[in-house]
Amino acid sequence: MPSSPTSKSKVLVLGAGNFGSCLADHLGDSDHEVYIWSRRTSFVEHFNLHRRNADYLKDHVFSSNIRAVGPGIPDTEMIQQMDVVLFAIPTQGVRETLTKLRSSLVGGKSPLMIFVNKGIETNTHALTLEIIADTCGSDIARAATFISGPSFATEIVRRQPTSVSVASLTESQAQRASGIFHQPWFRCYTGGDPIGLELAGALKNVYAIAAGMADGLGFENNTRASLITRGLAEMTRIGTAYGASPLTFLGLAGVGDLFLTCSSPTSRNYTVGYRLGKGEALEDIIKTLGSVAEGVTTVKGLKKIIDEMKISASIANGIYEVLYEGKDVKTSVQELMCRPPSRELDLPDQAGEHAKRLLMKLGMD
């Protein structure tokens, strides 16, 4: 089981992108000893010399409590010295990274593992919790902690008031992660539904693409409000069918993050949708975006989950058709609006098979 972090913890942040960098800065300013790993030598040298990230948050001077390391993956000696390892890498790279680190994480002193990525693995349609179990075993998966919520990196580094959800299957681990992150400008609320938190964080990116499309087509406030509300209903229906608590989707990781991501041009996923609505090709958008929009890959795994569970999810299906089947954006909107009237709020009669299988894998049946 992970060791107990002290009031001043040693934290290794894996991933020097937008979100990993801002959280490293937050933790450094919270008086923790922080190391941020990048696979690029140029980043490591530039950061340690100038305390700046040349690719993200370029105008920000980072905390002096942070040191960049890399490009090689941290070795066992370094991992064993850490109280916390924070994973801030895209979901599609989590399995490979955990496989490389497995021997350092299993046996002996194991750090508290916190994951802030948001997505579904494309090939397996697995959540990160399942990827952890597959690569590192059930004990580490049960102790893993997840953080999600409405939290733009540019606002966190300016110490704008921010609140997030922190969830783990082991309550004490969620409380410990909360204690490490919690500050007057960064409030943490704990919970015990990491499956729901993961699904909410992943799915909201898909609906942000839809909101961006609507704005790109010239639709205004009524349309955006409808999309956010119906997107929340669809997220909740999918999550409940999977086995998550519907209440999780009413929290910060659900409606909070959904509202933020669907209503701000700062969101990468919103930007993808907006440019699609303006008529740009997805391939051109991805080439020039400059960072990862997880919703583009998440919708592939989500489509498999929706089909397997036989859940009604017209918005998510519409986004998949636009991104991967070449459907015209205007045609997709027209088809959505021309569907027959339906009941506003409903939850599936039978639910939870996916979560049951996952919990059995974790030895929690």
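The coordinates are above.
Criteria and cut-off values
- Residues numbered from 1 in each chain as written.
- Predicted model: local features only at pLDDT ≥ 70, side-chain atom pairs only at ≥ 80, totals over all residues.
- Heavy atoms only, no water.
- Phe/Tyr/Trp six-rings, centres within 6.5 Å; stacked < 30°, edge-to-face > 60°.
- Helix = DSSP H or I, 4+ residues; strand = E, 2+ residues; numbered from the N terminus.
- Buried < 20%, exposed > 50% of the residue type's maximum accessible area, 1.4 Å probe, protein only.
- Salt bridge = Lys/Arg side-chain N within 4 Å of Asp/Glu carboxyl O.
- Expected span 1.5 Å × (residues − 1).

1. A closer look at the packing of aromatic side chains
Under the definition given, this model contains seven aromatic pairs. Ring centres of Phe87 and Phe115 lie 4.4 Å apart, and the angle between their planes is 10 degrees; on these two criteria the pair is classed as stacked. One end of the pair, Phe87, is in strand β4 (residues 84–87); the other, Phe115, is in strand β5 (residues 112–115), and 28 residues separate them in sequence. Judged on exposure class, the residue Phe87 and its partner Phe115 are both buried. Cluster of aromatic residues (ring-pair linked, three or more members): Phe43, Phe47 and Phe62.

2. Re the pattern of salt bridges
One pass over the structure, following the stated rule, counts 20 salt bridges. The partner of Asp215 in a salt bridge is Arg224, with the nearest N and O atoms 3.1 Å apart. What makes Asp215 buried here is its relative accessible area of 12%. Between Glu353 and Lys356 there is a salt bridge whose closest N-O contact spans 3.6 Å. Note that Glu353 and Lys356 are positioned in helix α17 (residues 353–361) at a spacing of three residues, about one turn of the helix. Classification of Glu353 as partly exposed rests on a relative accessible area of 47%.

3. With respect to helix α9 (residues 194–216)
Under the 1.5 Å per step criterion, the end-to-end length of α9 is 33 Å for 23 residues, consistent within 8% with the ideal 33 Å. Among the 23 residues that make up α9, 23 are buried, leaving the element largely enclosed by the rest of the structure. Backbone geometry just downstream of α9 places Gly218 in the positive-phi region, at approximately 100 degrees.

4. Quick look at unusual backbone geometry
Residue Pro71 follows Gly70 across a cis peptide bond; omega there is 5 degrees. Along the chain, Pro71 turns up in the loop between β3 (66–69) and α3 (76–81). Residue Asp31 is not a glycine yet carries a positive backbone phi of 75 degrees. Tracing the backbone shows Asp31 in the loop between α1 (18–29) and β2 (33–37). By relative accessible area, Asp31 is classed as partly exposed at 45%. In the Ramachandran plot, Arg51 falls in the positive-phi region, its phi being about 55 degrees despite a non-glycine side chain. With respect to the helices, strands and loops of the structure, Arg51 is situated in the loop between α2 (41–50) and β3.

The analysis is restricted to geometry; functional conclusions fall outside its scope.
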